[in-house]
Amino acid sequence: MMRDWLKVDGKPVMWETCQTFSGSWGYHRDEASWKSVEQLLLLLVDTVSKGGNLLLNVGPTARGEFDRRALDRLSGMGEWLKRHGRSVYGATQAPAGFITPDGCKLTYNPSLNRLYVHLFTWPIQELYLDGFGGKVAYAQLLNDASEVAFAEPPKHFGTDVDEDRNTLTLRLPVLKPDVPVPVVELYLK
């Protein structure tokens with residue numbers, strides 16, 4: 001995958017990528033390199049975060065049926081999308097100025113004016129979002145719509161290191177939600 005939105009002559013262009021569920025473009029009985037639901041979601045979110053569209057190729061067996069491994073992945077992705085779909089449907093790259101934390105991907109839904117933090121690495125209670133201070137009105141986990149408390153840097157000058165970065169600190173639960181990829185929805189001001 002590429003690092004940023006695909007550009008031609010320095011301007012972002014519409015693009016899409018086609019990927020497989022496994023290492024084969026068609027059904028192969030002995031294929032052992034099937035991607036997990038989490039890996040497929042990473043492909044999806046990574047593509048959307050760069051303004052792209054993801055096509056997933058799956059081939060039927062000689063009987064015209066989908067392999068149980070493909071059905072398992074499709075079912076897992078569908079379950080995730082029931083609660084997290086708005087973080088990818090109608091979403092695109094985050095606006096300039098929002099810095100993506102390590103172990104995360106950002107997407108943005110312009111019609112809702114909401115930013116989505118996809119957590120591929122679950123932090124221990126706090127996630128620091130540099131450059132987000134003063135830009136967020138509300139935060140929640142998409143899997144259960146539970147509120148996520150957050151703290152902003154103090155409004156006075158001092159010795160706080162995060163003050164220079166305008167860091168928003170999300171206070172996350174200790175335990176990772178029971179979903180392949182948790183997502184925090186940020187309502188922007």
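1. Quick word on the overall build of the chain
Thought 1: Per the secondary structure count, the chain includes 3 helices and 11 strands.
Thought 2: Listing the helices and strands of the chain from first to last along the sequence gives β-β-β-α-β-α-β-β-β-β-β-α-β-β.
Thought 3: With respect to the three principal axes, the spread of C-alpha positions in the chain is 70 × 45 × 25 Å.
Thought 4: Across the 189 residues of the chain, 43% fall into the buried class.
Thought 5: The contacts in the chain between residues at least 6 apart in sequence include a share of 64% that link residues at least 24 apart.
Thought 6: Of the roughly 10600 Å² that the chain leaves accessible, carbon and sulfur atoms contribute 52%.

2. What about the packing of helix 1 (residues 37-48) against helix 2 (residues 68-84)?
Thought 1: The geometry of helix 1 relative to helix 2 is characterised by a closest axis approach of 9 Å and an angle of 55° between their N-to-C directions. One finds that helix 1 runs oblique with respect to helix 2. Where helix 1 crosses over helix 2, the handedness of that crossing is right-handed. On helix 2, the residues touching Val37, Leu40, Leu41, Leu44 and Val45 of helix 1 are Asp72, Arg73, Gly76, Met77, Trp80 and Leu81.

3. Regarding the side chain of Thr167
Thought 1: Among the secondary structure elements, Thr167 is positioned in the loop between helix 3 (161-165) and strand 10 (168-171).
Thought 2: Overall, the relative accessible area of 1% leaves Thr167 in the buried class.

4. Topic: a nonpolar patch on the surface
Thought 1: A cluster of nonpolar side chains, namely Phe66, Leu71 and Leu74, defines an oily patch on the protein surface of about 250 Å² accessible area.
Thought 2: According to the relative accessible area criterion, Leu71 is partly exposed, its value standing at 43%.

5. Remarks on the sheet that holds strand 9 (residues 149-151)
Thought 1: Spatially, 7-10-9 is the arrangement adopted by the 3 strands of the open sheet, whose pairing is antiparallel. In this open sheet, the two edge strands, each paired with only one partner strand, are strand 7 (126-129) and strand 9. Across the sheet, the mean angle from the axis of one strand to that of its neighbour is 25°, orientation sign disregarded.
Thought 2: Note: strand 9 against strand 10, 3 bridges, orientation antiparallel. Following the sheet pairing, Phe150 is matched in strand 10 by Leu170.

6. Some remarks on the packing of aromatic side chains
Thought 1: Scanning the model with the defined rule gives 3 aromatic pairs in all.
Thought 2: Measuring from ring centre to ring centre gives 6.5 Å for Phe21 and Trp34, while their planes differ by 55°; the resulting arrangement is tilted. Pair noted here: Phe21 is in the loop between strand 3 (15-20) and helix 1 and Trp34 is in the loop between strand 3 and helix 1, with a separation of 13 residues, a long-range link. The two residues Phe21 and Trp34 agree in class, both being buried.
Thought 3: Centre to centre, the rings of Tyr138 and Tyr187 are 5.2 Å apart; their planes meet at 80°, and the pair counts as edge-to-face. Here Tyr187 lies in strand 11 (residues 183-188) and Tyr138 lies in strand 8 (residues 136-141), a separation of 49 residues in the sequence.
Thought 4: Exposure remark for Tyr138: the relative accessible area of 28% places this residue in the partly exposed category.
Thought 5: Using a relative accessible area of 24% as the deciding quantity, one classes Tyr187 as partly exposed.
Thought 6: A cation sits over an aromatic face here: Lys135 above Phe98, 4.9 Å from the ring centre.

Parameters and conventions
- Residues numbered from 1 in each chain as written.
- Predicted model: local features only at pLDDT ≥ 70, side-chain atom pairs only at ≥ 80, totals over all residues.
- Heavy atoms only, no water.
- Helix = DSSP H or I, 4+ residues; strand = E, 2+ residues; numbered from the N terminus.
- Buried < 20%, exposed > 50% of the residue type's maximum accessible area, 1.4 Å probe, protein only.
- Contact = heavy atoms within 4.5 Å.
- Areas by Shrake-Rupley, 256 points an atom, 1.4 Å probe, with all protein chains shown as cover.
- Axes fitted to C-alpha atoms, helices over the stretch in contact; angles between N-to-C directions.
- Parallel < 35°, antiparallel > 145°, perpendicular 65-115°, else oblique.
- Left-handed = near helix turned anticlockwise from the far one by under 90°.
- Patch = residues over 30% accessible without salt bridge, like charges linked within 9 Å, V, L, I, M, F, W, Y side chains within 5 Å.
- Salt bridge = Lys/Arg side-chain N within 4 Å of Asp/Glu carboxyl O.
- Pairing = 2+ DSSP bridges.
- Phe/Tyr/Trp six-rings, centres within 6.5 Å; stacked < 30°, edge-to-face > 60°.
- Lys NZ or Arg CZ within 6 Å of the ring centre and 35° of its normal.

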